[in-house]
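Summary of the model geometry
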Amino acid sequence: MTDFFQDQPLRIAGREFTSRLLVGTGKYRDFDETGEAIAASGAEVVTFAVRRTNLGQEAGEPNLLDVVPPERYTLLPNTAGCYTAKDAVRTCRLARELLDGHSLVKLEVLGDETTLYPNVVETLAAAETLIADGFDVMVYTSDDPIVARELERLGCCAIMPLGSLIGSGHGIQNPHNVRLIIEQAGVPVLVDAGIGTASDAALAMELGCDGVLMNSAIAHARQPVLMAGAMKKAVEAGREAFLAGRMPRRQSADPSSPFAGRING
Amino acid sequence: MQIQLNGEAHTLAPELTPAPTITQLLESLGLAGRRIAVEVNEEIVPRSEHAATRLAEGDRVEVVHAIGGG
C-alpha cells in the first residue's frame, strides 16, 4: 500500500524536500561517523555551527563541508551559542558569506546557559532584522503558541518549537502546546530539540508536525548510524500514521474477530 | 602592525606591512582557498573583495568556518 502512497514534499521557503528529518552535525566521534550517520538518516537538510577558525591549523585538515557538501545537502547554518540578537544576526551574515549568498538559516538565541532555553525577546528582534535583510528564517523557539504566531507574523518560514531542553532527550514534554502551534500555523512546524529516541520522533509527526530536527538523539546513541536509520523510519512512520488518521480511543474493548460462527457449545 | 584576529592580538609579519590585503593575510595564515568567511570591524568582507581590501592598524578581523553543531 505504501508503495503507491505519495506524500506531498516538505516546502520551506520555496525549497522542496522529500525527507522530513533534519539533522545536526555536532557531537559525533569524527567526520566519518558524521557522514555515515547523515547518509543513513536520509536527511536532505543539515545544520551546522559557525565558529572562529583555529589559526595555525594544518592546511590539509578536513573540513565539515567536505563531509556534507553544499552540492548534495541543503545546508542550514545555525546561530547556536548566540545569546543576543546582535550576535545571531552577525553569525547569519557570516554564514551567508561562507555559503556564497545562501539565505536559509536556523535562528536560535539562547537565554540561559544551564537550560539553553530560548530568549524569545532577542529571538523576535533577530528574526525581524534578518527577514528585513533577506534571510529565510527557520526559528527555534519555546512551545508558546503566542510567540510562535508572532514569529510567523514577522515572516519566519518555519516555526521550530522545542520538545524539551536541547540535548536532554526528554522527548516532547508538552504535546498539547505543539498541537496548538501546528493548528494555527500557516508555515511548517518542526519539533527542534529534546528528541531522545525513535518513538519521540514518531510522536512529533503523529501530532502533525511537518518535520523534526535532531542532533544528540543520533550522535549520542550507542550506535549513531543505526539510530539514524531508526529515526528515518520513525519520522516516516509517524507521518504516515498522521495522514492515515488514528482510530478513535474507546472506553471498552471491541473484538477484532466476529462473534458469529464461534465454536462454543 | 597589529590587528585583533579572532579576538586576540596578532602581529603581522614585517613583509606584510604597511597595508596588507585580506588575501595576503589569509595566505600568511595558510588559509588561502579554504571555506571561510571574513569580517573586519563587524562588517562582512565578501570573498570577491579580499584582494582589494587593505587592513589598517587595530582592525578587528574575524575568520570563521563551519563546524559540527545542532
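Residues numbered from 1 in each chain as written. Chains lettered and ligands numbered in written order. Predicted model: local features only at pLDDT ≥ 70, side-chain atom pairs only at ≥ 80, totals over all residues. Heavy atoms only, no water.

All right, on to the interface of chain B and chain A then. Between chain B and chain A, the contact holds 26 residues from the first and 33 residues from the second. Between chain B and chain A, a total of about 2700 Å² is buried, with carbon and sulfur atoms accounting for 51% of that surface. Taken together, the links from chain B to chain A amount to 7 salt bridges. Of the charged contacts, one joins Arg 90 of chain A and Glu 39 of chain B as a salt bridge, the two residues approaching to 2.6 Å between their closest N and O atoms. The tally of links from chain B across to chain A stands at 13 residue pairs in polar contact (both at pLDDT 80 or more). (Contact = heavy atoms within 4.5 Å. Buried area = accessible area lost by both parts, 1.4 Å probe. Salt bridge = Lys/Arg side-chain N within 4 Å of Asp/Glu carboxyl O. Polar contact = N/O pair within 3.5 Å; in protein donor to acceptor, adjacent residues only side chain to side chain.)

To continue, consider the pairing of strand S2 (residues 8-11) of chain B. Looking at chain direction, strand S1 (residues 2-5) of chain B and S2 of chain B are connected through 4 bridges and run antiparallel. Residue pairing across strands places Leu 5 of chain B opposite Glu 8 of chain B, the latter belonging to S2 of chain B. (Pairing = 2+ DSSP bridges. Helix = DSSP H or I, 4+ residues; strand = E, 2+ residues; numbered from the N terminus.)

Quick look at the pairing of strand S8 (residues 158-161) of chain A now. Residue and element names in this part refer to chain A. Residues of S8 alternate between two faces, with Ala 158 and Met 160 on one and Ile 159 and Pro 161 on the opposite face, all of them buried. As judged from the 4 bridges shared by strand S7 (residues 136-141) and S8, these two strands associate in the parallel manner. Residue pairing across strands places Tyr 140 opposite Met 160, the latter belonging to S8. Considered for its hand, the β-α-β crossover made up of S7, helix H5 (residues 145-154) and S8 is right-handed. (Buried < 20%, exposed > 50% of the residue type's maximum accessible area, 1.4 Å probe, protein only. Right-handed = clockwise from strand over helix to strand, strands pointing away.)

A few words now on the UniProt feature "active site" (unreviewed entry) in chain A. UniProt's feature table lists "active site" (unreviewed entry) at Lys 106 of chain A, given in the numbering used throughout. Turning to its location among the elements, Lys 106 of chain A is positioned in strand S6 (residues 104-107). Assessed through its relative accessible area of 1%, Lys 106 of chain A is described here as buried. Beyond its immediate sequence surroundings of up to four residues, Lys 106 of chain A is in contact with Thr 47, Leu 76, Pro 77, Asn 78, Thr 79, Met 138, Tyr 140, Met 160, Asp 192 and Leu 213 of chain A together with Gly 70 of chain B. At 3.2 Å, the side chain of Lys 106 of chain A forms a polar contact with the side chain of Glu 108 of chain A. (UniProt positions renumbered as here; feature names shortened; annotations may be inferred.)

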